[in-house]
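The lines below spell out each chain.
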Amino acid sequence: MNSSQNSRKENQSLKHGYFEGVNIPDYERILNCIRCGMCLPHCPTYRELKVERASPRGRAALVRSVADGRLELTRNFAEQMYLCLDCRACETACPSGVRIGYLIESARSQVEQNMRRNPIVRLLKDFLFGWLFLRHWRLEMAAFPLRIYQRSGLQKLLHGVGFMKLLPKRLQFMEALAPRGLTTPFRHTLPDVVPARGEEKARVGYFLGCMMSMMFNKTTNATVNVLNRSACTVVTPKAIRCCGAPLLSEGYKKKAIELMRFNIDLFDKLDVDYIVTDCAACAAACKEYEEIFEDDPAYREKAKRFSGKMREITEFLAEWPHAAKVEKQPFDSPKKVIYDEPCHLCHAQQVWKQPKQVIRRVPGVDLVDLPESEWCCGSAGVYNVTHYDMAMKILDRKMDNIESTGADVVLTCNPGCLLQLDYGVREKKLPMEVKHIVELLDDGTGFTNGQVGGKENLQSDKCPTCGKTPRPECQ
Ligand code: SF4
Ligand code: SF4
C-alpha cells in the first residue's frame, strides 16, 4: 500500500487549504476521482435530490475545493457531508477506487474540529459521541428508562389514549423504533466461555456489539447456539467496547481510536482462532482497524491480527466446514423470504453471496429476489434521527420494493437495518416478520455445559403488555 492509499490512518498534516489539524483528507485520494459519474445512479441522496452536490462526485469535488483553498468550511459544506449516508454504494460502483466513506469521515472530523457549531448541537454530540458511546454501561444506563417505560405499561397507556399522535413525527418515530420487550442486556447473562458442543474445532471470540447486546437478545442467543453447535467454543470478553464506527462516522475519530485500541488489546490477550460478530457494521469497522493503525508501530501487528480474524456471522458460517446442519424448519409452514443487504456488509466488506448461501441451507424457506436489495434502508447509524425526512423517503422506496415481493419474512443481519425495516413493516401494516438470518439457524437447544445462557431472558415473540402475538397493526 503506497502513501496515497494510507487513507484511514491518523493524518498528522497541519494544514491543507482550509483543512487544518488532524485527519485532513489525503489529497491524492481526492484526486482519484476522475469525474466519470458512474457512481451517480447508485447514490440514494442523489436519486432523491437530483443535484450534483448531493452525489458522490459532487461531495468529492466539495472536499477538493476546501483542500484547494477555494471553499471555506461553511455550513453548506457541513450539511452536504452529513447528508451522505456513508452507505458506500458509490465505492462499489467506482472504477477509480475512490473511498467516499473515508473522504466523508475525514471531512466530518474537520467540521467538528474547525467549525463553529450550534452550542446545543455541540453539547449533544459531545455527550453522545464523546461520553455515552465510550462505555457499555453508560449506554445500558441510558436504555434502562426505555425498559421501564415498556414494562410498566406506560407505553401502552400513552398509545391507548392517543398521546403519541400529539408528538412531532420525528419523536413518534424514535419512540416506535426500539424493539418491544427489551430485557437484561445479553452481556450480563451470557457465560464468559461456552464450550463447543462435541469436539472443539475452533475457539471463537464473540464481538458482542452494543446494540446487539441491549436490543436483540433473541438474535444473540441464536448466534451463540449456532456457533456452539458448529464445534466452536465461544469466548466473550465482557469488557468489550463499541467498535468505534458511530464515532468515526460522526467526526469523533480521536475517541474512536481509543475504543479501537482497547478492543484490539482485549482480543489480543484471548487465545481465539476467529472473532465473529452478528452485527455487520461492527464487522466492517473491525476489519478496517488494520488500515487505521497501519502507521502505528505499537498497534500495527496487533490490529492486523485482529482484523484478519474478524468475520461477520454469515460470512463465517458459509465458509466454516463444521457449520451445524439446519435440521429443523424454523416456521410452522414453508415461508417465502427475502434478504435485504446491509450496506456495511455488501459495500463496505464486499460480502455478497455468503448470507444467501446460509439462508438456502434452511429447510422450508424459499429465498426470492428483493429488488434493490443492496440499496440503503435509510437507517445509517443515527442518520434516521438526524435526517429524518430523507431517511423516510429512502425507507418508503425500500418498503415498496419489499411489499412487491409478497414475502412472509424479511431477513437481514445488522441491528440498525433490523430496527428500520421492522418500523417500516409496522408502519405499512405489512403481514411480514423481520428477522436476523441467524435466528433461522437456531434450533432452540441453548448452549452446552448446562449454561443455557439467558434462555429465560429471550426477547419474547409475545407482546409484553397483552401477552398475545403482535399483529401488523399493533404499535
Ligand atoms: S465513480 Fe468514482 S471516479 Fe467516477 S465520479 Fe464517482 S467517485 Fe469520481
Ligand atoms: S456513501 Fe452513499 S450516500 Fe454517500 S455519496 Fe456514496 S452512495 Fe451517496
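Definitions and limits used
- Residues numbered from 1 in each chain as written.
- Chains lettered and ligands numbered in written order.
- Predicted model: local features only at pLDDT ≥ 70, side-chain atom pairs only at ≥ 80, totals over all residues.
- Helix = DSSP H or I, 4+ residues; strand = E, 2+ residues; numbered from the N terminus.
- Rg over C-alpha atoms; globule rule 2.2 N^0.38 Å.
- Buried ≥ 20, exposed ≤ 12 C-beta atoms within 10 Å, placed from the backbone.
- Contact = placed C-beta atoms within 7 Å.
- Core = buried A, V, L, I, M, F, W, Y, C linked by C-beta atoms within 7 Å.
- Axes fitted to C-alpha atoms, helices over the stretch in contact; angles between N-to-C directions.
- Parallel < 35°, antiparallel > 145°, perpendicular 65-115°, else oblique.
- Left-handed = near helix turned anticlockwise from the far one by under 90°.
- Nonpolar A, V, L, I, M, F, W, Y, C, P; charged D, E, K, R; others polar.
- Near = placed C-beta within 6 Å.
- Pairing = 2+ DSSP bridges.
- Domains from an automatic or database assignment.

Caption draft 1: The overall build of the chain, seen in detail. Counting its regular elements, the chain contains 23 helices and 11 strands. Relative to the globule expectation of 23 Å for 475 residues, the C-alpha radius of gyration of the chain, 22 Å, shows essentially globular dimensions. By its C-alpha atoms, the chain is 60 × 55 × 40 Å across when sized along the principal axes. Of all 475 residues assigned to the chain, the portion counted as buried reaches 45%. Within the chain, counting contacts between residues at least 6 apart in sequence, those at least 24 apart form 78% of the total.

Caption draft 2: A look at the nonpolar core. Core analysis: the biggest nonpolar cluster contains 128 residues, and Cys282, Cys286, Cys376 and Val410 have the highest contact counts within it. If you tally residues by element for this core, the top one is helix H15 (residues 280-287), at 7 residues. Leave out the neighbours within four places in its chain, and valine 410 touches Ile338, Asp340, Ile402, Leu421, Val425, Met432 and Val434.

Caption draft 3: Representation of the environment of threonine 386 within the structure. Mapping threonine 386 onto the fold places it in helix H21 (residues 383-386). Here threonine 386 falls in the partly exposed class, since 16 other C-beta atoms lie within 10 Å of it. Sequence-wise, threonine 386 and valine 235 are 151 residues apart; in three dimensions their C-alpha atoms are separated by 36 Å.

Caption draft 4: Representation of the packing of helix H3 (residues 56-67) against helix H6 (residues 100-114) in the model. Interaxial distance between H3 and H6 falls to 10 Å at its minimum, and their mutual angle equals 45 degrees. As the angle between them shows, H3 and H6 are arranged oblique. Where H3 crosses over H6, the handedness of that crossing is left-handed. Between H3 and H6, the contacting residues are Pro56, Arg59, Ala60 and Val63 on the first element and Ile100, Leu103, Ile104 and Ala107 on the second. Class assignment for the residues of the contact of H3 with H6 results in 7 nonpolar, no polar and 1 charged.

Caption draft 5: Expanded view of the site of ligand 2. Near ligand 2, the surroundings consist of 14 residues, among which Cys43, Pro56, Cys84, Cys87 and Cys90 are the closest. Listed by contribution, the elements that provide at least two residues to the shell around ligand 2 are helix H2 (44-49), H3 and helix H5 (89-93). The residue makeup of the shell around ligand 2, split by class, is 9 nonpolar, 2 polar and 3 charged.

Caption draft 6: Here's a closer look at the sheet that holds strand S7 (residues 310-312). Within the open sheet, the 5 strands sit side by side as S3-S5-S4-S6-S7. Their pairing is mixed. In the strand order of this sheet, the two ends are held by strand S3 (193-194) and S7, each with one partner. Against the sheet, helix H12 (residues 217-229) contacts S3, strand S4 (202-206), strand S5 (232-235) and strand S6 (274-277), and its axis sits at roughly 145 degrees relative to S5. Contacting S6 and S7, H15 crosses the sheet at an angle of about 155 degrees to S7.

Caption draft 7: The site of ligand 1, seen in detail. The full set close to ligand 1 counts 15 residues, and Cys33, Cys36, Cys39, Arg57 and Cys94 are the nearest of them. Among the elements of the structure, H3 and H5 are those that each provide at least two residues to the shell around ligand 1. Tallying contributions element by element places H3 first for the shell around ligand 1, with 3 residues. Residue composition of the shell around ligand 1, by class: 11 nonpolar, 2 polar and 2 charged.

Caption draft 8: Looking closely at the pairing of strand S8 (residues 335-339). Here S8 runs beside strand S9 (residues 365-367); their pairing, made up of 3 bridges, is parallel. Among the inter-strand pairings, lysine 335 is bridged to a residue of S9, identified as valine 365. Both S8 and strand S10 (residues 409-412) contribute to a ladder of 3 bridges, which runs parallel. When the sheet's bridge partners are listed, tyrosine 339 is paired in S10 with leucine 411.

Caption draft 9: Representation of the domain arrangement of the chain in the model. Domain boundaries assigned for the chain yield domain 1 (3-116), domain 2 (186-239 + 259-319) and domain 3 (335-443). Computed from C-alpha coordinates alone, the two centres of domain 1 and domain 3 are separated by 28 Å. Each partner contributes to the interface: domain 1 provides 11 residues, whereas domain 3 provides 12 residues. Looking at the side of domain 1 that touches domain 3 residue by residue, the class counts come to 5 nonpolar, 2 polar and 4 charged.

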